[in-house]
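Descriptive analysis of the structure
Listed below are the residues making up each chain.
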Amino acid sequence: MQELVNGIIQGSVFALAAVGLSLIFGVVRVPHFAHGESVMVGGMVALVAVADHGLPLLVGIGLGIVAAVLLGVAVQLLLFYPLRNRDETNLLICALALVLIIPAVAYKIWGESPRIIPNAPDGVITLFGARATTMKLVIVVVTLVATAALVAYVARTRSGRAMKAMALNSYAAQLMGIPTRRYATLAFAIGSALAGLGGALLGTIQPVQVDMGATLVLKSFIIIIFAGLGSIWGAWAGGLILGLVESYGASYLSSSYVSTYSFLFLLVVLLVRPQGLFSLAKTRD
Amino acid sequence: MNPARLRSGRGVLAVSAIAAVSLVAGCSSSGSGSSGGGGNTVKIGHLAELTGAGSSVGIPQANAIELAVDQINAAGGFDVGGKKYSIKLDTQDDKSDPTAGVTAVQKIRTGGSKYLVGTVSSAVLGAYLPIIKTDQNFITVLAGAAAVGVTGNISVYRPRVTLTQYTNATLSYIKTNSITNIAMMTDSQHAGYVAETPTFKAGLQSLGVKVDSAGSWKLGDTDFSAQLTTAIKGNPQALNLRGFPADIARIIKQARELGYKGLIIANTGLSKKEITDAQAGNAMTNVVDIVAPTTADLLTSTAYGAAAKTFNEAYKAKYNAPPGFTSASAYSSVNILVAAFEKAGTVTDVAKVRDALDQLKPSDVQGLVDSVQPSSSGLIFTNHQAQYQMVVRTYDPSTGDFAAKSFITGT
């Protein structure tokens, strides 16, 4: 039972990052490897606000979200949009460069000591014999609510439907009069906000550090590949599955290869079901 | 002329010029010691973990080395054969990474240093050891890395504990406290502890202690719930954790969150910083940390109390923070090397300096702030390795830090 709870908690952390990336990747179709850096910046700003400036936790989380949105929008407007008509290799290299540049700048600003954001509730709840802290359960619930809200937004609002059209065919959407630049930027803002929220919440249970982004974005890409591109619920479910695979793998196989299980699982899924677990045609939401 | 060839020709010319300048520069600094307009200096390489996962230990260690050098230079240097020498440190960051460590050591050697101080990580040491271990014209004085079996090499001296001492002290504590079953977790990237695990397990077996589980984590990991769930499943009487303190502070916190209330025996050197960074103060009840003593632990020592107090005050005045886990050994290592230069009467004849190190007694060294237990002949080193007291440390909620509870000798 503890393995199940551990897996769901860790999976929710992965899911919160993957859901935002799924939106960005689905709508704008750029390899936004720096999405993990939005998670890091969200966590770092929240940490500094709460630990160093004594601000309340909720204010710190809010500032973390704002910082992540600013970073995401800046990346879209200053890098991906100007490069939109260039060769895909250019995009790829620039996206990878950000993964090196942003942590280096963050290191200069914040240093690299891994720190946990203080003043979060530290109660422990027992469920069917398994234990979890209050903040871990908050993360599970927030991830579920945020995913449901994003799905509802994409399905039921005008701007959400415009993003859906862009995800299906950006050129055709532009021909239909949809301002694709505006909605691409909005997709970056929403996806980055989720990343910032994820970073700030994650920072209350695990330490925030400047090099945390790369691992998270790698797992996010694994999730959206095996879950199926474009599916927001698929990204959420994929996150949970990845968390469970790592949790049970570490408990019943070996804790030495926790990260390896993600890649093994990805390979198996791609061999058995190349279109992903939650196939695009049926579940694009 | 083809412009491309012209550019290529200029490029070759430029590279040749740079190579020539480098060659000339290299020729002018082929040895560690030198004299010139600025006086006599000895260049000492300094391998430091200023960044990366080991930096919480590495930065205070590097600070202590810098402090020792600054004090020696400020006092007018040290005396070798009637001449005063000062020290020029060549500090290189190994980034807590073995590959970067090898590059850094090569750079130090290319820069002309015959002596090396520092090194926190056993993994980094293991990576660069093949380059220097048989070099009779090079000496490295380890200040932190505790991997077993390295001081059998001609170029390696260690005024610092080995992991065997950690193992023996921990086994002694387990025996004294009649512990019968234990779960172990080890940092899989800590080469020294990984190599030491079979010895530790054999020691536990000889005491009749059952090992419920033996898990691992990777340096810098943040979530340990899977490993801990396995470790505490059998409700072990004690949980043993071996690795770097930042990781271990987080593991202890998560172990308590998962409901483990038993004894935790760490071998790491926890300090207030790591505990605060992990927000783990409430989790430190019933935790003991069995390690080499810090200077804070030695304040009550008859032999080293005064030196420890002076060092603590100087460190705090310069860095506005208390010394770290390996700071004392780092500070001592520079002073030991200087004492060897003075005893040998040379900074350039490495063989003589090595002989002097072999004959060094604690009383020869000014600024020795570690709990060195001299050999039966009264020497600091036995086969290049010094021996130390070990300390059992417990958490003091009033200071938010660990402090000495008892000492273990004869390990």
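In what follows, the structure referred to is the one given above.
In this report, the structure presented in the accompanying data block is examined.

Basis of the calculations
Residues numbered from 1 in each chain as written. Chains lettered and ligands numbered in written order. Predicted model: local features only at pLDDT ≥ 70, side-chain atom pairs only at ≥ 80, totals over all residues. Heavy atoms only, no water. Pairing = 2+ DSSP bridges. Helix = DSSP H or I, 4+ residues; strand = E, 2+ residues; numbered from the N terminus. Axes fitted to C-alpha atoms, helices over the stretch in contact; angles between N-to-C directions. Contact = heavy atoms within 4.5 Å. Buried area = accessible area lost by both parts, 1.4 Å probe. Salt bridge = Lys/Arg side-chain N within 4 Å of Asp/Glu carboxyl O. Polar contact = N/O pair within 3.5 Å; in protein donor to acceptor, adjacent residues only side chain to side chain. Nonpolar A, V, L, I, M, F, W, Y, C, P; charged D, E, K, R; others polar. Phe/Tyr/Trp six-rings, centres within 6.5 Å; stacked < 30°, edge-to-face > 60°. Buried < 20%, exposed > 50% of the residue type's maximum accessible area, 1.4 Å probe, protein only. Expected span 1.5 Å × (residues − 1).

1. So, the sheet that holds strand S14 (residues 401–408) of chain B
Residues and elements named next belong to chain B. Overall, mixed pairing links the seven strands, which are arranged S9-S8-S10-S11-S12-S13-S14 in an open sheet. Each having just a single partner strand, strand S9 (210–217) and S14 make up the two edges of the open sheet. The sheet shows a mean angle of 25 degrees between the axes of neighbouring strands, taken without regard to direction. The pairing of strand S8 (residues 181–187) with S9 spans seven bridges and is parallel. For Asp187, the partnering residue across the bridge sits in S9 and is Trp217.

2. Examining the interface of chain B and chain A
At the junction of the two partners, chain B supplies 27 residues and chain A supplies 28 residues. Summing both partners gives a buried area of about 2,100 Å² for chain B against chain A, and 45% of it is carried by carbon and sulfur. For the chain B face of the interface with chain A, the top three residues by lost area are B:Thr222, B:Glu257 and B:Asp277, together amounting to 23%. Between chain B and chain A we count two salt bridges in total. Between B:Lys233 and A:Glu3 there is a salt bridge; the shortest N-O distance is 3.0 Å. Between chain B and chain A we count seven residue pairs in polar contact (both at pLDDT 80 or more) in total. Those elements giving two or more residues to the side of chain B that touches chain A turn out to be S9, helix H7 (225–232), helix H8 (245–257) and helix H9 (272–277) of chain B. Residue composition of the side of chain B that touches chain A, grouped by class: four nonpolar, 15 polar and eight charged.

3. Description of the packing of aromatic side chains
All names here are of chain B. Taken as a whole, this structure holds 15 aromatic pairs over all chains when the rule is applied. Relative to Tyr319, the ring of Tyr315 has its centre 4.9 Å away and its plane inclined at 50 degrees; by these criteria the two rings are tilted. Taken as a pair, Tyr315 and Tyr319 lie in helix H10 (residues 305–319) at a separation of four residues, close to a single helical turn. Comparing Tyr315 with Tyr319 shows no difference in burial state: the two are buried.

4. A closer look at the pattern of salt bridges
For the structure shown, the criterion picks out 14 salt bridges over all chains. In this structure, A:Lys136 and B:Glu257 form a salt bridge, with 3.8 Å as the shortest nitrogen-oxygen distance. One end of the pair, A:Lys136, is in helix H5 (residues 134–156); the other, B:Glu257, is in helix H8, on a second chain. Accessibility expressed as a relative area gives 9% for A:Lys136, which makes it buried. You can call B:Glu257 buried: its relative accessible area is 17%.

5. Comments concerning the side chain of A:Glu3
Mapping A:Glu3 onto the fold places it in helix H1 (residues 2–28). Not counting the four nearest positions on each side in its chain, A:Glu3 is found in contact with A:Leu244, A:Ser247, A:Tyr248, A:Ser251, A:Tyr252, B:Thr229 and B:Lys233.

6. Describing helix H8 (residues 180–202) of chain A
Under the 1.5 Å per step criterion, the end-to-end length of H8(A) is 32 Å for 23 residues, consistent within 8% with the ideal 33 Å. Of all the 23 residues making up H8(A), 18 are buried; the element is thus mostly covered by neighbouring parts of the structure.

Worth remembering: the numbers are spatial, not functional.
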